[in-house]
Structures are given as C-alpha cells and as structure tokens.
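So you can see what is in the structure, the chains are spelled out below.
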Amino acid sequence: MIPVSEPAVTEADVEAVAKALREGWISGEGPYVEAFERDFASSIGSKHAVAVSNGTAAIDVSMEALDLAPGDEVVMPAFTIISCVQQVVRMGAIPVLVDSSLDDWNMRADQVADVLTSRTRAVLAVHTYGLTADLDTIVAACRPHGIPVVEDAAEAHGLAYKGRACGSIGLAGTFSFYSNKTLTTGEGGIVVTNDDDYAAKLRLLRNLGFNPQQRFVHERLGWNLRMTSLQAALGSSQLQRLDAAVRRKREIGRRYRERLQCIRDISIAPAVTDFTENSYWIVGLVLGDSHPDANTIREELGKKGVGTRPFFCPMHLQPVLRKAGLFEGAVFPVAERLWERGLYLPSGLTITDDDINTVCDHVEEVLR
Ligand SMILES: *Cc1c(COP(=O)(O)O)cnc(C)c1O
C-alpha cells in the first residue's frame, strides 16, 4: 500500500526530542516552547507566536479572543474543515459561508463583500491544499468596517501570498502541526500575530486563564491547550528543514502534474496563481462528469494499493450543524462538487519518485 501521507522524521528530530527529555523539559513551560515560538514567529515575520496543542485549538483560541457574542457572524468558506466552525458555534455566533472557486479550490474572495453585515465580527480565510485565498480582496472588503481577518494557514507552511508569508497578513494566522502537515510535531498548533493585546489574550486562554500577575486568581475561563516541550523540540528541529520540505512538496506536485496532465476530463490545481506558487500540501484532483464519483474511484485505487483521501465535506452539509438549525436551504454548488468529485493522492514528504509513477499508472488505468 502506498500511504496517502507519512510524516518525515529524521535522526536530528529524534535527537532534539531526546535532548529535551534528558534535560527534564517535558511540560508546556520552559525554554523549548519559548524557543520554538520565537523561531516560528521570526520565520513568518510576525511579532508573537503562541504555541498550542493542535491546529483546531489554535482556531478555537483565536475565535474566543475575538469575544464573539451570540448572533455575531464570522465569514468563512463552505469548503473547509469542521475546526473552523466549532468555537464560533459554541459561542452562539453564526458561521456565514461563501462558495469556493473551481479553478483553485479556495474561497471566493469576491463574494466576501456581499455577505458582510453589521454583525460581521471576523473573516476566517482558509488557505486550501497549498494555494492561498485572495487576501488583498478580502482585506479590502473588511478594512472599511474594521473587521479583522484571521488566516487558517494549517495547510500553508512556507507558503506566501504575493511574497508575504501566509499567516502574517491578517490580525492572526493559525497553523497545525498534525502528522500530515508539512511541518509536524505529531499533534500541535500555533497562532501568530503582531497585536500585543491579542497575543496576551491568547496566552491567557491557552493556559486556564492564569493571571500573570497573581497565580490561581482568574478573571476569565480558559482551557489547558499548552504545547509540550517535546513537541516544541520536534517543531524547532522540523522548522530548520521547512524550506527543503516545501521544495520537495513542489517537486512532488510537478511530477504529478506532468503525468496527470494528459488524463482527460480531470482538473488539478494550478502550479501558480496570481497570488502564489502552489506548495502542494496535498496533490488533489477533481473528476469531470464523464467519470464516476470520487468515492467509486477511491475504492478502485484502494484495490490497487493506492491510499487516497476525500476532499472536505462542506459545512452546510454537516449533519451536526444542520441539526443545530444552521444553513437551511443553503446551496454552494462548487463546494458540493469538490466534495463529490474531489480526492487526493499520496503526497506526503516520504513518497518516492517511483511511488509517484506507480500511483499515476494506477490513476491512468482506473480513469481510462
Ligand atoms: C489540519 C487542519 C486543521 C486542524 O488542525 P489539527 O491540528 O488537526 O487540529 C484546521 N484547518 C485546516 C485547514 C487544516 O487542514
């Protein structure tokens, strides 16, 4: 079986974690977490980085720190992961969805202005599958109303929007270090921001609302979302190889494109757009109508030993959100199409060029 993604862990990574262990730095406090935050912030060009236990937690604290009230609205793409929605809904706020583009699978930035209301408190812009959302258009729609933009950059490690690091452009950027992400700490996440007050709030929220002035006296409820020193040691080690990892991802993407280009009636994400150069977090494809749907093709590929994953199931189709009375009658044709007809191929950092060729042989056979 060629797995859809395997983490790339080196001897240097093992040594870095062992060093933290030997020194007894294992909790969420101490020099390893501080060093990782500092190095990650500087790699992005942001002033602050607040490490947390996963990418979903990074979004949760980012939304909580906006102090959303019931009935407030947060704009985001329909085509995304449930992580974007959870804390918004828990705060009684309303996710307002926009559709995605068939060209680059990212949210329709041009539709953001149309859905802003007097209750809009934020836009959560998601950079999807290695390409960026069109942030300038989103920021231009939001700025006159003072609405902050938060970037979900979980899939955008080492990616730039018009030359600026993803995550550094909005009020805040959230990252995931889950095992299939381009930089991994197994589980892990981080929020970057240039805003001092917002950063202080994030630190408070991830650490039980502990008051830096008076320990065990709490002004606000938080969570324990601290990243451990072992994760941070791994993250610092991985960060040193991030540029090389992104280069390899682009090479993987280039090889797939060369082979897949000639298959009729499928679409693959472009290598470049007006805003960015694809970092191929994953190599996906969307099947045209002359092919069976993605589930059928994934099953065929599975029989041949090719691991795949489906694309996101859009938020307006999520049973848990529909049951909560959200998105009644909502239709987002492109998001729905991506869900029905999209899948991604093995594209982790450990895949060999031979494996890519084998995968492409099987894709050709199955789609012939
Ligand atoms: C992976 C991912 C997350 C969630 O990160 P976890 O670390 O798995 O919680 C959030 N948003 C996007 C776009 C992701 O790809």
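Scroll up to find the structure.
Residues numbered from 1 in each chain as written. Predicted model: local features only at pLDDT ≥ 70, side-chain atom pairs only at ≥ 80, totals over all residues. Heavy atoms only, no water.

Trainee: What am I meant to see in the nonpolar core here?
Mentor: Note that soluble globular proteins tend to have their nonpolar side chains buried in a common cluster. Membership of the largest hydrophobic core comes to 49 residues, with the highest contact counts inside it found for Met63, Leu68, Val74, Met76, Leu124, Tyr129 and Phe311. Here this core takes five residues from helix H3 (residues 55-64), the largest share from any one element. Contact partners of Phe311, with chain neighbours within four places excluded, come to Phe79, Trp105, Tyr129, Ile282, Gly284, Leu285, Val286, Leu338, Trp339, Gly342, Leu343 and Tyr344. Core analysis: the next-biggest nonpolar cluster, separate from the first, contains 44 residues, Leu116, Ile147, Cys166 and Met227 among them. (Core = buried A, V, L, I, M, F, W, Y, C linked by side-chain atoms within 4.5 Å. Buried < 20%, exposed > 50% of the residue type's maximum accessible area, 1.4 Å probe, protein only. Helix = DSSP H or I, 4+ residues; strand = E, 2+ residues; numbered from the N terminus. Contact = heavy atoms within 4.5 Å.)

Trainee: Got a minute to help me understand the sheet that holds strand S11 (residues 283-287) in this structure?
Mentor: If you walk across this open sheet you meet the four strands as S10-S11-S13-S12, and the pairing is antiparallel. If you trace the sheet from one side to the other, it starts and ends with strand S10 (266-268) and strand S12 (309-310), each paired once. Of the pairings in the sheet, the one linking S12 to strand S13 (residues 342-345) comprises two bridges and is antiparallel in character. Considered in S13, the bridge of Arg309 is made with Tyr344. Against the sheet, helix H9 (residues 242-260) makes contact with S10, S11 and S13, and its axis sits at roughly 30 degrees relative to S11, the strand it touches most. Packing of helix H10 (residues 294-303) onto the sheet brings it into contact with S11, S12 and S13, and relative to S13 it is tilted by some 25 degrees. (Pairing = 2+ DSSP bridges. Axes fitted to C-alpha atoms, helices over the stretch in contact; angles between N-to-C directions.)

Trainee: How should unusual backbone geometry be read in this particular structure?
Mentor: Backbone geometry follows two general trends: most residues other than glycine have a negative phi, and most peptide bonds adopt the trans configuration. Despite not being glycine, Tyr129 shows a phi value in the positive range, around 60 degrees. The backbone phi angle of Asp265 is positive, close to 60 degrees, even though this residue is not glycine. Summarising the element assignment, Asp265 is placed in the loop between H9 and S10. Residue classification places Asp265 among the partly exposed residues on the basis of a relative accessible area of 35%.

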